[in-house]
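Each chain, letter by letter, is given below.
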Amino acid sequence: MNKLVAEAIGTFVLVLFGTGTAVLGGGIEGISMAFGLSIIAMAYSIGTISGCHVNPAVSIAMFVNKRINATELVYYLVGQVIGGILGSLVLFTFLNLSNLSTTNMGQNGFGDLGAGGALLVEFILTFVFVLVIMVVTGRKGNANLAGLVIGFTLVLIHLLGIPLTGTSVNPARSLGPAVFAGGEALSQLWVFIVAPILGGIVAAIVGKMFFQTEQGNESIANKNID
């Protein structure tokens, strides 16, 4: 249960500050930093409790490589979904109190890519992001630097992804805004669930096969920061 609460809080912070910065006009660089800094802050706070996955794609990748079991996976996913929705709920409330439009909730979308293009973009971005996580938290990883590496990798991912899809690489991050934006955001949500999960699974397999992230059962994931 501690891990569920930790993941809910971490995902809440990620969605509130990341999408909040996007809605309030932070610009590509500002939005990218908001997401990345949220991960860094949470990694060094809740990381010792849950590993700071705050992303179903990451948790599923950890499960694939047997770093967490099925029961833990359920707790992680429930916490992340709750946190994502609460983050968007608070942002929605802030916007209403400020008499600002709630049409833009920082939701993801296909843009000019279409479903196939958005699927490919999100798959590749998530693959890169989760592969970094699996390697840096693997048996050769450095727990002291993991949070920084992962946070700044997320900044890098957003710099490319924001103009294309708004950058998801995280189903929980996409779910919260879509619930409150409704309409097209909800109808396109499936891509931002399927693509990150597939990208994360492939990253877990590649990490295990080619980077020996799991050999010797010495990974630092769920023990320190990931």
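Up top is the structure.
Definitions and limits used
- Residues numbered from 1 in each chain as written.
- Predicted model: local features only at pLDDT ≥ 70, side-chain atom pairs only at ≥ 80, totals over all residues.
- Heavy atoms only, no water.
- Axes fitted to C-alpha atoms, helices over the stretch in contact; angles between N-to-C directions.
- Helix = DSSP H or I, 4+ residues; strand = E, 2+ residues; numbered from the N terminus.
- Left-handed = near helix turned anticlockwise from the far one by under 90°.
- Nonpolar A, V, L, I, M, F, W, Y, C, P; charged D, E, K, R; others polar.
- Phe/Tyr/Trp six-rings, centres within 6.5 Å; stacked < 30°, edge-to-face > 60°.
- Buried < 20%, exposed > 50% of the residue type's maximum accessible area, 1.4 Å probe, protein only.
- Expected span 1.5 Å × (residues − 1).
- Contact = heavy atoms within 4.5 Å.
- Core = buried A, V, L, I, M, F, W, Y, C linked by side-chain atoms within 4.5 Å.
- Polar contact = N/O pair within 3.5 Å; in protein donor to acceptor, adjacent residues only side chain to side chain.
- Patch = residues over 30% accessible without salt bridge, like charges linked within 9 Å, V, L, I, M, F, W, Y side chains within 5 Å.
- Areas by Shrake-Rupley, 256 points an atom, 1.4 Å probe, with all protein chains shown as cover.
- Salt bridge = Lys/Arg side-chain N within 4 Å of Asp/Glu carboxyl O.

A. Representation of the packing of helix H1 (residues 2-23) against helix H5 (residues 70-97) in the model. The N-to-C vectors of H1 and H5 enclose an angle of 35 degrees; their axes lie 7 Å apart at closest approach. Along this stretch, H1 crosses H5, giving a crossing that reads as right-handed. For the contact of H1 with H5, the residue count by class is 14 nonpolar, 9 polar and 3 charged.

B. The packing of aromatic side chains, seen in detail. In this structure the tally under the stated criterion is 2 aromatic pairs. Ring centres 5.3 Å apart and planes at 35 degrees place the aromatic pair Phe-92 and Phe-180 in the tilted group. Remark: Phe-180 occurs in helix H8 (residues 171-181) and Phe-92 occurs in helix H5; sequence separation between them is 88 residues. Residue class for Phe-92 comes out partly exposed when judged on its relative accessible area of 23%. Each ring, one from Phe-110 and one from Phe-192, has its centre 6.2 Å from the other, and the planes form 40 degrees; the classification is tilted. In this pair, Phe-110 is assigned in the loop between H5 and helix H6 (114-136) and Phe-192 in helix H10 (residues 189-210), connecting sequence segments 82 residues apart.

C. Expanded view of H10. With 22 residues, H10 extends 32 Å from end C-alpha to end C-alpha; this agrees with the ideal 32 Å at 1.5 Å per step. Those residues of H10 that sit buried are Leu-189, Val-191, Phe-192, Ala-195, Pro-196, Gly-199, Gly-200, Ala-203, Ala-204 and Gly-207. Taken together, the buried residues of H10 touch helix H4 (56-64), H6, helix H7 (143-165), H8 and helix H9 (184-187). Looking one or two residues beyond H10, the residue adopting positive phi is Gln-212, at roughly 50 degrees.

D. Representation of unusual backbone geometry within the structure. Positive phi is not limited to glycine here, since Asn-99 has a value of about 60 degrees. With respect to the helices, strands and loops of the structure, Asn-99 is situated in the loop between H5 and H6. Within the chain, Thr-167 stands out as a residue other than glycine whose phi angle is a positive 65 degrees. Take Thr-167: it is sitting in the loop between H7 and H8. Under the relative-accessibility criterion, Thr-167 is labelled buried at 0%.

E. Spatial organisation of the nonpolar core. Core analysis: the largest hydrophobic core is formed by 34 residues, its most contacted members being Phe-129 and Leu-154. Breaking this core down by element, the ones donating at least two residues are H1, helix H2 (27-43), H4, H5, H6, H7 and H10. By residue number, the principal contributor to this core is H6, which donates 8 residues. With residues up to four places along the chain from it excluded, the contact list for Phe-129 reads Asn-55, Ile-150, Thr-153, Leu-154, Ile-157 and Val-169. Among the nonpolar cores identified, the runner-up in size contains 5 residues, and Leu-16, Val-23, Leu-95 and Met-105 belong to it.

F. Structural context of the environment of Thr-21. Looking at the element boundaries, Thr-21 is found in helix H1. Considering only alpha carbons, one finds Thr-21 and Leu-89, 68 residues apart in sequence, at a separation of 15 Å. Thr-21 has contacts with Leu-16, Gly-26, Gly-30, Ile-31 and Ala-34, leaving out every residue within four places of it along the chain. Only 2.6 Å separates the side chain of Thr-21 from the backbone oxygen of Phe-17, close enough to count as a polar contact.

G. Expanded view of H5. An ideal rise of 1.5 Å per residue puts 40 Å on 28 residues; H5 measures up with 41 Å between its terminal C-alpha atoms. Within the sequence span of H5, burial applies to Leu-73, Tyr-76, Gly-79, Gln-80, Gly-83, Gly-84, Gly-87, Ser-88, Leu-91 and Leu-95. Buried-residue contacts for H5 involve H1, helix H3 (47-50), H4 and H8. Of the residues one or two after H5, Asn-99 is the one with positive phi, at around 60 degrees.

H. Inspection of the environment of Gly-182 at higher detail. Here Gly-182 shows up in the loop between H8 and H9. Spatially, the C-alpha atoms of Gly-182 and Met-105 are 9.7 Å apart, while their sequence positions differ by 77 residues.

I. Up close: a nonpolar patch on the surface. A surface patch of nonpolar side chains, amounting to about 580 Å² of accessible area, comprises Met-33, Leu-37, Tyr-44, Leu-145, Leu-148, Val-149 and Phe-152. Secondary structure elements with two or more residues in the nonpolar patch: H2 and H7. With 4 residues, H7 is the largest single contributor of residues to the nonpolar patch. With respect to the secondary-structure elements, Leu-148 resides in helix H7. Since its relative accessible area comes to 36%, Leu-148 is described here as partly exposed.

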